[in-house]
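Chain and residue survey
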Amino acid sequence: NGKYLDKEITIPTGKNTLHILVQDEDGREMTYDKEYEIVSNIKIDVLANKIKITYEGNTKVAYMTYRWDNEEETKIDINNTTIDEEIEAIKGLHELTIIVVDENNNTDTKVQKINGVSKPKISISVDEQEKHFVIKLSDDEKLSKFEFILNEETNQVYELSLEEMDLKELEYTLPDGLELQNGENKIKVKVYNSEGVTEEKEESFVKQ
């Protein structure tokens, strides 16, 4: 309802096209399109099977959300001017969308393709004689090594290299000398694959 218009619009981060349509009182229209690209303050680092999300701004961040492809969003409350979060990666190539919303409801968005790798799998059991722990390992990638600790003896770590074996699956029975003792027995296993991804698991067994 005037001859002039002066309107300020916040430009979201990333590549965007602003579409403007103006109509006067006689019904005449004029359109205007312009592309803008604003660099996001959101940084994404792929750490094997983890994704590290960092952000630094001048205004306090209320929360951030992330979603994989078209899945449901996950919300994380922040209440700080910086963000330092880690989330689990998904195996294969997927699109990750991160949105940061500050206390003034301004948003910063980043979309990035992530090629995630799988985590190794660990299964721990006891042999039929209830004499030894049995460790089963598997992964989509090649297994590179594994290590274990018995009964929380952190000064004694047993490590076995698998680099030259080219294995994706392994069943390993602990040798004589490392038999189960009467009472509670604990074991902690950590496995590494060729991509540097690790997984850990703990189990206990009470021998009568």
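Considerations on the overall build of the protein chain
Check the secondary structure of the protein chain and you find 0 helices and 14 strands. Listing every helix and strand of the protein chain by position from the N terminus yields β-β-β-β-β-β-β-β-β-β-β-β-β-β. Looking at the protein chain residue by residue over its 208 residues, the buried ones come to 31%. Sequence-distant contacts, at least 24 apart, represent 54% of the contacts inside the protein chain between residues at least 6 apart. For the protein chain, the accessible area works out to roughly 14,300 Å², and carbon and sulfur atoms hold 41% of it.

Here we look at the sheet that holds strand 9 (residues 133-138)
As summarised here, the arrangement of the 3 strands in space is 8-9-12, forming an open sheet in which the pairing is antiparallel. On the outer flanks of this sheet lie strand 8 (121-126) and strand 12 (169-173), each paired with one strand and no other. Mean inter-strand twist for the sheet, computed between neighbouring axes without regard to direction, equals 15 degrees. When strand 9 meets strand 12, the two strands line up antiparallel, connected through 5 bridges. By the bridge assignment for strand 12, Ser138 is matched with Glu169.

Some remarks on the side chain of Thr97
For Thr97, the position within the fold is in strand 6 (residues 92-102). According to the relative accessible area criterion, Thr97 is buried, its value standing at 6%. Aside from chain neighbours lying at most four places away, what touches Thr97 is Thr65, Tyr66, Arg67, Thr109, Lys110 and Val111.

Conventions used here
Residues numbered from 1 in each chain as written. Predicted model: local features only at pLDDT ≥ 70, side-chain atom pairs only at ≥ 80, totals over all residues. Heavy atoms only, no water. Helix = DSSP H or I, 4+ residues; strand = E, 2+ residues; numbered from the N terminus. Buried < 20%, exposed > 50% of the residue type's maximum accessible area, 1.4 Å probe, protein only. Contact = heavy atoms within 4.5 Å. Areas by Shrake-Rupley, 256 points an atom, 1.4 Å probe, with all protein chains shown as cover. Pairing = 2+ DSSP bridges. Axes fitted to C-alpha atoms, helices over the stretch in contact; angles between N-to-C directions.

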